Amino acid sequence: MSDANPTIAVLGAGSWGTALAMLLADNGHPTTLWAHTPSHAEALQRDRCNERYLPGIELPTALEVSSDLTEVIPAADIVLLVVPSHAFRETLRKLKPLLLPQQRVAWGTKGLEPDTRKLLHQLAREELGDSIPLAVVSGPTFAREVAHKLPGAVTVASKNQDFALELARTLHNDYFRAYTSHDVIGVEIGGAVKNVLAIAAGTADGLGFGANARAALIARGVAEILRLGLALGAQNETFMGLTGLGDLVLTCTDDQSRNRRLGLALGQGKSRDETIQAIGQVVEGINTSREIHALAQDHNVDMPITEQVYLILHQGHTPREAVQALMERAIRAELD
């Protein structure tokens, strides 16, 4: 294994995992994309396209595909997890006995662990210990646009600045920028909460409330992310960057967002379950709304928009009831 041109294993062959693997392979790094099931790996290898998640986009010739962790992990310098948040700990447990001392681990997953309210870096430390360098990759990025080589940018956050810089260099090219940060908590909070707020924005648009309401919701959403992030020890500046405001605006305003599409359907009177089935992929904001709502209560943080999304998704409230509850809140100073 060579640090000059690290070998990378991308775990998770959904849309974002596939797009990141394509990017890394195109950047000249030996890259293997791991699929959870042999049948999916075989289809990727046969079709050289991820027809389910990124239809019509050809995989790079150099990109390898496998469903065998025992083959993929030992050959990698960097392991990049891009699995749903509910499968994050399970995947860590599978790869742990295969890891070698010199390897590094990162993730492009956004969300929290269901039922524990733990951020993903906490899970990684619990499962992998303190000796392995860890990093999170996050930012305002739709997988399809990255796969089409449209301009974009991410932040790589790690307490190990050497690893943050190494991973940023592997991702960086003439159409894709990568920045570094040491604020892991801030980057993870921004990436998780924005999915909840995107459901709110979609719901408002589904109700026909217009651009004024959408802009107000985004602005107040930033305030909610800030309050929670600062309570957990994040840095204020992080939430004005790519993984805060940038990711929030992207997810709240474009229908490529699965979370926004769920909200649109809810606002139009469709049921949660039929919409999820129609979308056909994990909508992270559903579970995240429950975890963020509970986390906010744990830390006595006021997050009224998040609370109303939670009530709609998990307590049977209607979008109209949620709007009424928000509009009837007492007048307060904007910057409190």
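Look above for the structure.
In this text the structure is predicted, and so the values were computed from the model without any measurement.

Q: Sorry, what's going on with the packing of aromatic side chains here?
A: Two descriptors summarise a pair of aromatic rings, namely the distance from one centre to the other and the angle between the planes of the rings. This structure, assessed with the given rule, holds one aromatic pair. Centroid distance Phe88 to Trp107: 5.6 Å. Interplanar angle 75 degrees. Geometry classified as edge-to-face. Of this pair, Phe88 sits in helix H4 (residues 88-95) while Trp107 sits in strand S5 (residues 104-107), and the two are 19 residues apart along the sequence. Residue Phe88 shares its accessibility class with Trp107, and that shared class is buried.

Q: Would you mind showing me how to read the packing of helix H8 (residues 184-206) against helix H9 (residues 210-231) here?
A: At their nearest, the axes of H8 and H9 sit 10 Å apart, and the two run at 155 degrees to each other. In terms of orientation, H8 lies roughly antiparallel with respect to H9. Judged by the twist between their axes, the crossing of H8 over H9 is right-handed. Where H8 approaches H9, its residues Ile189, Gly190, Val193, Lys194, Leu197, Ala200, Ala201, Ala204 and Asp205 are matched on the opposing element by Gly210, Arg214, Leu217, Gly221, Glu224, Ile225, Leu228 and Gly229. Looking at side-chain class alone, the contact of H8 with H9 contains nine nonpolar, four polar and four charged residues.

Q: Help me understand the pairing of strand S7 (residues 152-157), please; the structure alone is not making it clear to me.
A: For a regular strand, side-chain orientation follows a simple rule: the groups alternate between the two sheet faces. For S7, a buried count of five out of six residues is recorded, marking the element as mostly surrounded by other parts of the structure. Bridge count for strand S6 (residues 134-138) against S7 is three bridges, and the pairing is antiparallel. Bridging across to S7, Val137 finds its partner in Val156. As paired strands, S7 and strand S8 (residues 176-181) are joined by six bridges and run parallel to one another.

Here is what the cut-offs are and how they apply
Residues numbered from 1 in each chain as written. Predicted model: local features only at pLDDT ≥ 70, side-chain atom pairs only at ≥ 80, totals over all residues. Heavy atoms only, no water. Phe/Tyr/Trp six-rings, centres within 6.5 Å; stacked < 30°, edge-to-face > 60°. Helix = DSSP H or I, 4+ residues; strand = E, 2+ residues; numbered from the N terminus. Buried < 20%, exposed > 50% of the residue type's maximum accessible area, 1.4 Å probe, protein only. Axes fitted to C-alpha atoms, helices over the stretch in contact; angles between N-to-C directions. Parallel < 35°, antiparallel > 145°, perpendicular 65-115°, else oblique. Left-handed = near helix turned anticlockwise from the far one by under 90°. Contact = heavy atoms within 4.5 Å. Nonpolar A, V, L, I, M, F, W, Y, C, P; charged D, E, K, R; others polar. Pairing = 2+ DSSP bridges.

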